[in-house]
Amino acid sequence: MKTGVVVEFDEHVGLGTVEAETHERYPFHCTQISDGSRTIAVGTTVTFNVVLRHKGTEAYLLTPTPVG
């Protein structure tokens, strides 16, 4: 599990980027947001896994972390 912040998200195409604490960036698709909402705000802190897909590594199962 990694921790990071959503740095980009295009709601129209459902694609975004999360930056890990190690400054590595991983793309993700809205279907990987664990609460099923299909949208996530830029700046949201998340935990996620990284998986190897046919186009490289991607963030998988993004879970927003509670504030506070």
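Computed from a predicted structure; not experimentally measured.

K.L.:
I'd like a rundown of the pairing of strand β2 (residues 15–20), residues and numbers included.
P.N.:
Of all the six residues making up β2, five are buried; the element is thus mostly covered by neighbouring parts of the structure. As paired strands, strand β1 (residues 2–10) and β2 are joined by six bridges and run antiparallel to one another. Paired with V6 across the bridge in β2 is V18. Connecting the antiparallel pair β1 and β2 is a turn made up of four residues, with G14 showing a positive phi of about 75°. The pairing of β2 with strand β3 (residues 25–29) spans five bridges and is antiparallel. Each residue of the ladder has a partner; that of E19, found in β3, is R25. A loop of four residues connects β2 with β3, the two strands running antiparallel in sequence, and H23 in this loop sits at a positive phi of about 75°.

K.L.:
Before we move on, could you go through the pairing of β1 and cite the residues and values that matter?
P.N.:
The pairing of β1 with strand β4 (residues 45–53) spans four bridges and is antiparallel. In the sheet register, T3 faces β4, and the bridge partner there is T47.

K.L.:
Before we move on, could you go through the sheet that holds β1 and cite the residues and values that matter?
P.N.:
Taken together, five strands build an open sheet; the order of strands is β3-β2-β1-β4-β5 and the sheet is antiparallel. Only two strands of the sheet have a single neighbouring strand rather than two, namely β3 and β5 (56–64). Direction aside, neighbouring strands of the sheet carry axes that sit 45° apart on average. In this sheet, β5 lies alongside β4 in antiparallel orientation, the contact comprising seven bridges. The residue of β5 that forms the bridge with R53 is G56.

Parameters at a glance
- Residues numbered from 1 in each chain as written.
- Predicted model: local features only at pLDDT ≥ 70, side-chain atom pairs only at ≥ 80, totals over all residues.
- Heavy atoms only, no water.
- Buried < 20%, exposed > 50% of the residue type's maximum accessible area, 1.4 Å probe, protein only.
- Helix = DSSP H or I, 4+ residues; strand = E, 2+ residues; numbered from the N terminus.
- Pairing = 2+ DSSP bridges.
- Axes fitted to C-alpha atoms, helices over the stretch in contact; angles between N-to-C directions.

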